[in-house]
Amino acid sequence: PPPPTKKKKPTKRLDNEGNEVEGVSVPVSIGPPRGCADNKGTASIVVDCVVNPTVLAECVNDETGAQRDFICQLALTYVEQKYKLELDRKYKLPRMKYKGDPEEGAQYVRDSSKEASKVAEASPGDVHRARKAAAPKMALGPAPDAELWYAPMRGAALVRAPDGASDDAWPVVLLPRGPREGFDAIPADADRPRDLVVRLSLPRDRGSKRDPFASGKVAASAFAVRAVMPGREKLVVRLPFGVEATAAVARHRKPSASRWVLDVELPVDQTDFAAAADPGSKQARVARALRGGKKDAAGKADDAAAAPAPAAPEDRYGLRA
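As the structure is a prediction and not an experimental result, all values here were calculated from the model.

Definitions and cut-offs
Residues numbered from 1 in each chain as written. Predicted model: local features only at pLDDT ≥ 70, side-chain atom pairs only at ≥ 80, totals over all residues. Heavy atoms only, no water. Helix = DSSP H or I, 4+ residues; strand = E, 2+ residues; numbered from the N terminus. Buried < 20%, exposed > 50% of the residue type's maximum accessible area, 1.4 Å probe, protein only. Contact = heavy atoms within 4.5 Å. Areas by Shrake-Rupley, 256 points an atom, 1.4 Å probe, with all protein chains shown as cover. Pairing = 2+ DSSP bridges. Axes fitted to C-alpha atoms, helices over the stretch in contact; angles between N-to-C directions. Polar contact = N/O pair within 3.5 Å; in protein donor to acceptor, adjacent residues only side chain to side chain. Phe/Tyr/Trp six-rings, centres within 6.5 Å; stacked < 30°, edge-to-face > 60°. Lys NZ or Arg CZ within 6 Å of the ring centre and 35° of its normal.

## Some words on the overall build of the chain
When helices and strands are tallied, the chain shows six helices and 14 strands. Out of the 321 residues in the chain, the part that is buried amounts to 26%. Summarising the internal contacts of the chain: among those between residues at least 6 apart in sequence, 53% fall at separations of at least 24. Of the roughly 22700 Å² that the chain leaves accessible, carbon and sulfur atoms contribute 54%.

Laid out in structure tokens, this is it:
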């Protein structure tokens, strides 16, 4: 275990006249006062003073007793300063290792080996947090199962999306007569479905009537659906198409005998990809290339409308004097 306090070390300070003097710094941890009785049964007050074990070893090895008296006077001074007391400087050292019950009066001292120079006693809150951190953590259960469905067009029945569709980079563009990426039910002249549905499900115990989704949180963004359930891992479902998150709706489906089901309905954003791509994004660069040198929606001139580059190398690289 770490030492209760830091070792003593030489320090330099200024005296009352501003002159630099050398001394020895001995950190001492002062405990709270507690009631006790002496050998005669007289009520007494005990205050624990904790120092580094090397300080005690020096007191034992010093045959003159000067080091021991210095430490005792230092402890009396610290107790006076902390509790605003005035103590008698005459003291006795009874032949005992500890005054009182060590278990009942145990003093916890913070490990300050990585701190600058300040020694601080651990408060009851520190002890509680340390015990809480050391307690074994409860393992979280698995996240809800998720399936991705889509409606090819308005009013059409839902179709199961291909496996792995949510792992692709957003967005999946289904070009006419091009690769369908597994979304075969979408008409050939369409580049995206009408709606997406993220279907979440959890196991249901026999006879259970409490829907676990009622105590969880489900959030939708333009790119993903996130679900946080008490006692379970967080779930993130990335969407293959951009959606209108503000119009998303969560609906509790009728549970089966073994599963609770929640549908998150997401209208797919039907905005033209070339008109609303984020500037600088991969989609914006692709849309710019597909426009073939025309002005964009903001009216900015493209590279084809710019002035032709100088033909001579001196003009192109600014080498003329």
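Don't stop here, the text continues.
## Let's talk about the sheet that holds strand E11 (residues 224–228)
The three strands lie next to each other as E10-E11-E12, forming an open sheet whose pairing is antiparallel. Two strands in the sheet have a free side with no partner beyond their single neighbour: strand E10 (217–220) and strand E12 (235–238). Strand-to-strand twist in this sheet, taken as the mean axis angle between neighbours without regard to direction, amounts to 10°. Where E10 meets E11, four bridges bridge the pair, whose relative direction is antiparallel. Paired with valine 218 across the strands is alanine 227, a residue of E11.

## Description of the environment of cysteine 72
As for its position among the elements, cysteine 72 is in helix H2 (residues 66–83). Taking C-alpha positions, cysteine 72 is 9.5 Å from cysteine 49, a pair spaced 23 residues apart along the chain. Cysteine 72 has contacts with Tyr91 and Leu93, leaving out every residue within four places of it along the chain.

## Focus: the side chain of serine 201
Structurally, serine 201 is set in strand E9 (residues 195–203). For serine 201, a relative accessible area of 15% corresponds to the buried category. Of note is the side chain of serine 201, whose polar atom sits 2.9 Å from the side chain of arginine 259. Apart from the residues lying within four places of it in its own chain, the contact partners of serine 201 are Pro144, Asp145, Phe213, Arg259, Trp260 and Val261.

## Focus: the packing of aromatic side chains
Throughout the structure, instances matching the rule amount to two aromatic pairs. Ring geometry for phenylalanine 183 versus phenylalanine 241: centroids 5.2 Å apart, planes at 80°, classification edge-to-face. Placement of the pair is phenylalanine 183 in the loop between strand E8 (159–160) and E9 and phenylalanine 241 in the loop between E12 and strand E13 (249–252), with a sequence separation of 58 residues. Note on accessibility: phenylalanine 183 and phenylalanine 241 belong to one class, buried. Feature note: the residues Tyr150, Phe183 and Phe241 constitute an aromatic cluster, connected by ring pairs. The side chain of arginine 199 reaches across the aromatic face of tryptophan 149, ending 4.9 Å from its centre. Sitting over the ring of tryptophan 260, arginine 204 keeps its end group 4.7 Å from the ring centre.

## Observations concerning the pairing of E11
The loop that links E10 with its antiparallel partner E11 comprises three residues. As paired strands, E11 and E12 are joined by four bridges and run antiparallel to one another. Note on E12: the bridge partner recorded for arginine 226 is valine 236. In this structure, the hairpin formed by E11 and E12 is closed by a connection of six residues, where glycine 231 is found at a positive phi of approximately 75°.

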